[in-house]
Amino acid sequence: MRRRPRTAAAVLLGLLLTLIAASPALAAGYRYWSFWDGAGGTWAYATQGPSTARPADGTVYGFRFSVSKDAAAEAARPRAAADFEAVCAGTPAADGKKRVAVVLDFGVPEDAPGGERPPQDAPRTACAQVAPEATAAEALASVAKPLRYNGAALLCGISGYPRTGCGEPIADPEPGAAAPSASGSASAPAGSGGPSAGLVAGIAAVVAVAAAGVWQSRRRGR
C-alpha cells in the first residue's frame, strides 16, 4: 500500500516537468514577414492574411521582416509611412484597375538569417495596379517577385529574401527585437519574457489535483 503515494508523486513530477519544459516556447520570438494595414495613415497589424485580403483602390499595405514576438503589440512595424499618395502619386488611375500601395521593409542586419543580409537598408515602395478582385497577395506578387511560401501557405520570402527559413522560432531574441513604436523607439512590455499567467495557473491546478491524489492515497493506505 505504501507504493501508491510514490506512484502518485512520480505522476505529479512528470506532469510538472512537462508543463515547465513547454514554457520557454511561449517566450520565443520568431523571424518572419509580418503583414500590416495602413488604413488611416497608421500601421495596424492586419486581421487577415494577404491571400484573403481584397483591398479597395487607395489601400496601403506594409510588409516587415524582423525577429519579433508573435503578437500584434510586439511585432516590428514598417519603418516607412503608410502614405498612399506618396507611393502611388506617379501612377494614374485606370479603368478596370485598382491601385494598392505596397511598402516593403526588409529589416535590419541583426534580424537577418545566418549568411544573409537585407537586400537594401531603407524600405522599398511600389504602386501595384491590379484587377479589382485581386488580393493583397496578388498585388504584392505584381511588384515584388519572387515570392516564397511554405506548405501551410505562410509567406516566407519577398523578392527572394530571405533565401531560406520560414517563421522559425528564436529561443533568445535580441534585445532590439521588441516592437518599435511609431516614433521608432523600441520597448518591451513587462513580463514578456516569462511564462504566461495561463501557464502558471495551469501548473498550480495540476499541483493541487495531484497533491490531493497523493493525500487520498495515503489515507487509504493507513
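Preceding this section is the structure that the text describes.
Let me begin by describing the structure that accompanies this report. (Residues numbered from 1 in each chain as written. Predicted model: local features only at pLDDT ≥ 70, side-chain atom pairs only at ≥ 80, totals over all residues. Heavy atoms only, no water.)

## Considerations on empty space enclosed by the protein
For step 1, the next point in the chain: Enumeration over the complete set of coordinates arrives at one cavity of 30 Å³ or more.
For step 2, the next point in the chain: Computed from the structure, the largest cavity encloses a volume of approximately 40 Å³.
For step 3, the next point in the chain: In terms of lining residues, the largest cavity is bounded by Arg31, Tyr32, Trp33, Phe65, Leu155, Cys156, Pro162, Gly165, Cys166, Gly167 and Glu168.
For step 4, the next point in the chain: Contributions of two or more residues to the lining of the largest cavity are made by β1 (29-37) and β7 (155-158).
For step 5, the next point in the chain: When residues in the lining of the largest cavity are grouped by element, the largest group, three residues, is from β1. (1 Å grid on protein atoms, 1.4 Å probe; cavity = no way out; pocket = protein on both sides within 12 Å on 5 of 7 lines; lining within 4 Å. Points joined across faces, edges and corners; volume = space filled by probe spheres on them. Helix = DSSP H or I, 4+ residues; strand = E, 2+ residues; numbered from the N terminus.)

## Description of the pattern of salt bridges
For step 1, the next point in the chain: By the definition in use, this model includes five salt bridges.
For step 2, the next point in the chain: Here arginine 31 makes a salt bridge to glutamate 168, at a shortest N to O gap of 3.2 Å. Here arginine 31, found in strand β1, pairs with glutamate 168, found in strand β8 (residues 168-170); they are 137 residues apart in sequence, far enough to count as distant.
For step 3, the next point in the chain: Here aspartate 57 makes a salt bridge to arginine 99, at a shortest N to O gap of 3.8 Å. With aspartate 57 in the loop between β2 (44-45) and β3 (59-69) and arginine 99 in strand β4 (residues 98-105), this pair connects stretches of sequence that are 42 residues apart.
For step 4, the next point in the chain: According to the relative accessible area criterion, arginine 99 is buried, its value standing at 15%. (Salt bridge = Lys/Arg side-chain N within 4 Å of Asp/Glu carboxyl O. Buried < 20%, exposed > 50% of the residue type's maximum accessible area, 1.4 Å probe, protein only.)

## Let's talk about the pairing of β4
For step 1, the next point in the chain: Counting buried residues along β4, eight of its eight residues qualify, which places the element largely inside the surrounding structure.
For step 2, the next point in the chain: Burial of β4 is two-sided: the residues Lys98, Val100, Val102 and Leu104 facing one way and the residues Arg99, Ala101, Val103 and Asp105 facing the other way are all buried.
For step 3, the next point in the chain: Of the pairings in the sheet, the one linking β3 to β4 comprises six bridges and is parallel in character. Looking across to β4, one finds that threonine 59 is bridged to valine 100.
For step 4, the next point in the chain: Here seven bridges tie β4 to strand β5 (residues 124-130), and the two strands are oriented antiparallel to one another. Bridge pairing in β5 places valine 103 opposite threonine 125. (Pairing = 2+ DSSP bridges.)

## Re the state of the cysteines
Each disulfide consists of one covalent bond between the sulfur atoms belonging to two cysteines.
For step 1, the next point in the chain: Evaluated as defined, the whole model comprises two disulfides.
For step 2, the next point in the chain: One disulfide bridge connects cysteine 88 with cysteine 127, the sulfur atoms lying 2.1 Å from each other. Handedness here is read from the sign of the S-S torsion; for cysteine 88 and cysteine 127, about 105°, the answer is right-handed. Of this pair, cysteine 88 sits in helix α2 (residues 84-88) while cysteine 127 is found in strand β5, placing the two residues 39 residues apart along the sequence.
For step 3, the next point in the chain: Classification of cysteine 88 as buried rests on a relative accessible area of 2%.
For step 4, the next point in the chain: What makes cysteine 127 buried here is its relative accessible area of 17%.
For step 5, the next point in the chain: Covalently, cysteine 156 is tied to cysteine 166 through a disulfide, its sulfur atoms 1.9 Å apart. Of note, the bridge from cysteine 156 to cysteine 166 carries an S-S torsion of about -70° and is left-handed in sense. Pair noted here: cysteine 156 is in strand β7 and cysteine 166 is in the loop between β7 and β8, with a separation of ten residues, a long-range link.
For step 6, the next point in the chain: Accessibility expressed as a relative area gives 23% for cysteine 166, which makes it partly exposed.
For step 7, the next point in the chain: Look at the chain and number its bonded cysteines as they come in the sequence; the links are 1-2, 3-4. (Disulfide = S-S within 2.5 Å.)

What is shown is where atoms sit, not what they do.
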